[in-house]
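# Chains, contacts and geometry: an overview
Read off the chains here:
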Amino acid sequence: MLNTRQMKMILNMPKAENHIHIEGSIPWELALELGQKNHVPLPADTTEGIREWVQSILKKDGLNGFMLCDRTINSVCLHEEDYEAVVMALAKNAASQNVIYQELHLDYPLNEERGIPMEVVMEGYRSAQKKAKALYGVEIVYIAGLDRTLSSEQCVRFVRSLEKYRDMVDGLGMDCEEKGHPCIKHKESYALAKDMGLFLTAHAGEDDGAYNIWDAIRELKVTRIDHGCRCLDDAVLMKYLKDNEILCAMCPTSNLWTGAAGSYEEHPAVDMMRAGIPISISSDDPPYMVDLVQEYALALEKMHFTEDELIQTARNAFLYSIKGQKYLPVFDQWASGFIDNKCNKSH
Ligand code: ADE
Ligand code: ZN
């Protein structure tokens, strides 16, 4: 159990989050409301019922099952105001945890497959990006997410269509099931995104091996890896991640749900950080899992992080972010106040 001082430390710390998917983060109460408004049935009509449904599917099908849940819950969004409402709910939640900077993956292809025009989704997200800063003081940076299971042509089309939204989208990512969908398939999309000046990241080493992390680095030229759990199998890769300061944006609770890690105690994050690899901690899809404050608490309680290591990990989320380095002085001021306070109390 964490003591009150540690809980306060986590809550008061100004935080950044590098890895969270909008479509996987729709609060279930809001999903039920939107489902009712838009006449889209969900598998249950209470949040408890949804939890039971989700748990039964995740238990059976891991990451594949998760993608099914993700698609089903996201299908309640139909109109621009629905998309805006979802991101506003995320921003409000962020503010309540003192998260001041958030990098959100927007997986438009999950909406495209239901025939929702890109403008509807993007204008909703654009409007929320502005309002979130004004209303909650939360800066949102969008990373457009490719569904790696789709064809190369479809993904290239999506990347081209981002040209119109360069003022609101700063990065390109890639998610969904790794197995059977090698990085090389999306080389053209990433080359195009690089030419457009987008920051490049990809999910790798989550449900497939270290080779896929290498492929993301060598073939797609990413400068960040989402998850990266399997790098521990390859000492040369670990040294490469360290020497080149490639952030692994890790999501411990998500890794437990999808089977990428066996338990909090065995989660690779702390070993990776002690090997010098920059890591940060995020919540991935919080309604299915836990929020960022809880992730940080679990890092201290179960994952063997010391307080100093957690502070360094939290700092990495700003340092290796796309646009959040400007918040480092705020973070450092909080950290030095926290450390002074701790020293004074121990004298
Ligand atoms: N999309 C949303 N969450 C994901 C995860 N954990 N892995 C792959 N794709 C995802
Ligand atoms: Zn993810």
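Let me sum up the structure you'll find in this document. (Residues numbered from 1 in each chain as written. Chains lettered and ligands numbered in written order. Predicted model: local features only at pLDDT ≥ 70, side-chain atom pairs only at ≥ 80, totals over all residues. Heavy atoms only, no water.)

## Regarding the pattern of salt bridges
- Tallying each qualifying case throughout the model produces 15 salt bridges.
- Across the pair E139 and K326 runs a salt bridge whose closest N-O atoms are separated by 3.1 Å. In this pair, E139 is assigned in strand β3 (residues 139–147) and K326 in the loop between α14 (307–319) and α15 (328–346), connecting sequence segments 187 residues apart.
- We classify K326 as partly exposed; its relative accessible area is 48%.
- In this structure, the salt-bridge partner of D332 is R315, at a minimum N-O distance of 2.8 Å. Note that D332 is positioned in helix α15 and R315 in helix α14, a separation of 17 residues in sequence.
- Within the structure, one salt-bridge network assembled from shared partners comprises R71, E113 and D147. (Salt bridge = Lys/Arg side-chain N within 4 Å of Asp/Glu carboxyl O. Helix = DSSP H or I, 4+ residues; strand = E, 2+ residues; numbered from the N terminus. Buried < 20%, exposed > 50% of the residue type's maximum accessible area, 1.4 Å probe, protein only.)

## Some words on the nonpolar core
- Core analysis: the biggest nonpolar cluster contains 126 residues, and Y142, L162, V169, L172 and F305 have the highest contact counts within it.
- With 10 residues, the top contributor of residues to this core is helix α3 (residues 47–74).
- Residues contacting Y142, with those up to four places away along its chain left out, are I22, V87, L104, L106, Y125, R126, A128, Q129, M168, V169, D170 and G171. (Core = buried A, V, L, I, M, F, W, Y, C linked by side-chain atoms within 4.5 Å. Contact = heavy atoms within 4.5 Å.)

## Describing helix α7 (residues 152–161)
- For α7, every residue scored as buried is listed here: S152, C155, V156, F158 and V159. One side of α7 carries all its buried residues, which in axial view fall inside an arc of 160°. For α7, exposure combined with an orientation more than 90 degrees from the buried face picks out E153 and R157.
- Buried-residue contacts for α7 involve α5 (109–112), α6 (118–136), β3, β4 (169–175) and α8 (187–195). (Arc of directions from axis to C-beta.)

## A word on the coordination of the zinc ion (ligand 2)
- Of the protein atoms, only H19 (NE2), H21 (NE2), H203 (NE2) and D284 (OD) coordinate the zinc ion (ligand 2), at distances of 2.0 to 2.3 Å.
- Given 4 donor atoms and angles of 83 to 174° at the metal, the environment of the zinc ion (ligand 2) is assigned as irregular.
- We note that the donor set of the zinc ion (ligand 2) lies within a single chain, spaced as H-x1-H-x181-H-x80-D. The two residues H19 and H21 agree in class, both being buried. (Donors = N, O, S within 2.8 Å, 3.2 Å for Na, K, Ca; no water. Tetrahedral: all angles 85-135°; square planar, octahedral: opposite > 155°, others 65-115°.)

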